[in-house]
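An overview of the molecular structure
Here's the letter readout for the chains.
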Amino acid sequence: MGSTTTERTIDTGVFLPVGNGGWIISTTTPDVPATYGYNREVTRLAEELGFDFALSMAKWRGYGGPSQHWDYTIESLSTMGALAEATERIKLWGTVHTMVWHPAVVAKMVATLDQVSGGRVGLNLVSGSNPFDQGQMGLWKDIGHAERYALAEEWITVAKRLWSEDRVDHSGTHFTLEDCVSRPKPSAMPTIISAGTSDTGLEFAIRNCDVCFVSGSDDQTLRQMGERVRRISAEVGKEAKIYALFMVIPGATDEEARERVMRYDAGVDVEAIERQAYEYSTDVKENSMRTKNLQRLEDPRAVSRSAVVGSPESIAEQLATLIHAAPLDGVTLTFPDFIGDLRTFGEEVVPRLRDHGIVTGAEKLKVAQ
């Protein structure tokens with residue numbers, strides 16, 4: 001892409017590996033244990049490198065196979081509470097399934113986390129998952145795509161009222177509150193984020209959240225997604241920031257990075273991928289996730305085709321192209337090695353991003369200091 005006079009300031013975050021194996025379903029990847037100690041090390045390093053936020057997923061059941069992918073996970077909100085004591089600046093966003101948690105319970109938890117973190121807490125709302133993940137606990141609701149977002153909208157409406165009103169009465173389709181009191185209140189309204197690709201999901205995120213998470217395998221896809229978000233924002237009359245998720249696989253050279261991909265693909269855990277696809281295939285009311293996971297069976301690979309792979313300079317150029325395409329307000333990153341690769345990104349990729357018109361939180365922090 002080359003240098004440009006157009007600068008864009010973005011937020012950078014790390015998607016924490018709270019599930020064993022991280023985001024590569026393979027037996028030949030670096031060891032990524034689902035332990036609090038490892039995630040604390042990753043989060044502290046991200047903070048040291050100037051990252052703006054750390055996000056953790058919520059997962060209740062893994063996919064087995066030789067890799068035992070995500071068979072071990074630590075819980076999202078309690079992890080972020082512990083990380084709040086272990087960090088000073090970085091924002092901490094946990095994930096809640098709106099089918100699993102009652103909004104009044106989470107409202108109280110978030111108010112507590114707000115005190116622990118000094119106002120750095122946020123929530124990632126997930127309206128679905130798959131029937132096995134939540135069904136094992138009897139908490140799966142067999143409702144359609146639109147109704148899941150209607151439930152999520154009622155959920156966040158109740159939570160926001162509890163964070164701002166003294167007493168709440170609510171009689172809705174999914175939740176009932178009578179003279180509900182939730183004290184103390186958070187010091188500020190928590191950051192709320194949500195991922196979605198359908199118009200319904202995007203409208204929910206724009207209407208109710210601060211950040212809309214999107215995905216895209218190339219700059220054209222991201223440009224189209226950005227256009228959709230802006231169109232729906234105009235219809236709703238409200239804007240939300242646009243963040244995208246990327247797997248980053250660095251190497252000293254492009255060839256070395258590609259060799260890493262080949263090594264991880266050679267150990268692809270087809271059994272775990274098949275299990276994942278099967279679980280989502282049973283969700284007959286959610287076409288997009290079912291189709292996405294079944295497509296992985298046609299050519300199973302450990303590393304997504306949309307991964308950003310190459311030398312630090314190559315990664316900086318690729319990411320800058322993707323960021324400018326939407327354009328994005330932030331990126332959330334995963335890595336095969338959440339220590340070594342995260343440090344490489346912070347020390348070798350971030351400085352090069354400025355050459356391509358991208359200013360990150362790390363650069364902003366240097367200026368502030």
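Criteria and cut-off values
- Residues numbered from 1 in each chain as written.
- Predicted model: local features only at pLDDT ≥ 70, side-chain atom pairs only at ≥ 80, totals over all residues.
- Heavy atoms only, no water.
- Helix = DSSP H or I, 4+ residues; strand = E, 2+ residues; numbered from the N terminus.
- Contact = heavy atoms within 4.5 Å.
- Buried < 20%, exposed > 50% of the residue type's maximum accessible area, 1.4 Å probe, protein only.
- Pairing = 2+ DSSP bridges.
- Phe/Tyr/Trp six-rings, centres within 6.5 Å; stacked < 30°, edge-to-face > 60°.
- Lys NZ or Arg CZ within 6 Å of the ring centre and 35° of its normal.
- Core = buried A, V, L, I, M, F, W, Y, C linked by side-chain atoms within 4.5 Å.
- Salt bridge = Lys/Arg side-chain N within 4 Å of Asp/Glu carboxyl O.

1. Observations regarding the side chain of T43
Take T43: it is sitting in helix 1 (residues 36-48). Each residue touching T43, except ones within four places of it in the same chain, is listed here: L16, A54, L83, T87, I90 and L92.

2. Side note on the pairing of strand 12 (residues 330-334)
Counting buried residues in strand 12 gives 5 out of 5 residues, a clear majority hidden from the surface. The two faces of strand 12 match: G330, T332 and T334 on one face and V331 and L333 on the other face are all buried. Here strand 2 (residues 11-15) runs beside strand 12; their pairing, made up of 4 bridges, is parallel. Bridging across to strand 12, V14 finds its partner in L333. In the sheet, strand 10 (residues 241-250) pairs with strand 12 via 5 bridges, with the strands oriented parallel.

3. Side note on the packing of aromatic side chains
Tallying each qualifying case throughout the model produces 13 aromatic pairs. Here Y63 and W70 contribute two aromatic rings whose centre-to-centre distance is 6.2 Å and whose plane-to-plane angle is 40 degrees, an arrangement assigned as tilted. Note on Y63: relative accessible area 3%, which makes it buried. A relative accessible area of 11% places W70 in the buried class. Judged by centre distance (6.3 Å) and plane angle (20 degrees), the rings of W93 and Y243 are stacked. Taken together, the positions of W93 in strand 4 (residues 91-97) and Y243 in strand 10 put the pair 150 residues apart, joining distant regions of the chain. Residue W93 shares its accessibility class with Y243, and that shared class is buried. Between the NZ or CZ atom of R275 and the centre of the ring of F132, over which it lies, the distance is 4.8 Å.

4. Describing the nonpolar core
If you look at the biggest cluster of nonpolar residues, it comprises 66 residues, and the most contacted ones within it are F51, V214, F246, L328 and F345. At 6 residues, the largest contribution of residues to this core is made by helix 11 (residues 312-325). Sequence-distant contacts of V214, that is, excluding residues within four places in its chain, are made with L202, L222, M225, V229, I242, Y243, A244, L245 and L328. With 31 residues, the next largest nonpolar core counts V96, Y149, L151 and A159 among its residues.

5. A closer look at the pattern of salt bridges
Using the criterion set out here, one finds 20 salt bridges in the structure. Between R228 and D199 there is a salt bridge; the shortest N-O distance is 2.6 Å. A residue pair is termed long-range when its members are at least 10 positions apart, and R228 in helix 7 (residues 219-236) and D199 in helix 6 (residues 199-208) qualify at 29 residues. Exposure remark for R228: the relative accessible area of 24% places this residue in the partly exposed category. The partner of E347 in a salt bridge is R343, and the shortest N-O contact between them spans 2.9 Å. On the criterion of helical spacing, the pair formed by E347 and R343 is a turn pair, its members being 4 residues apart in helix 12 (residues 340-353).

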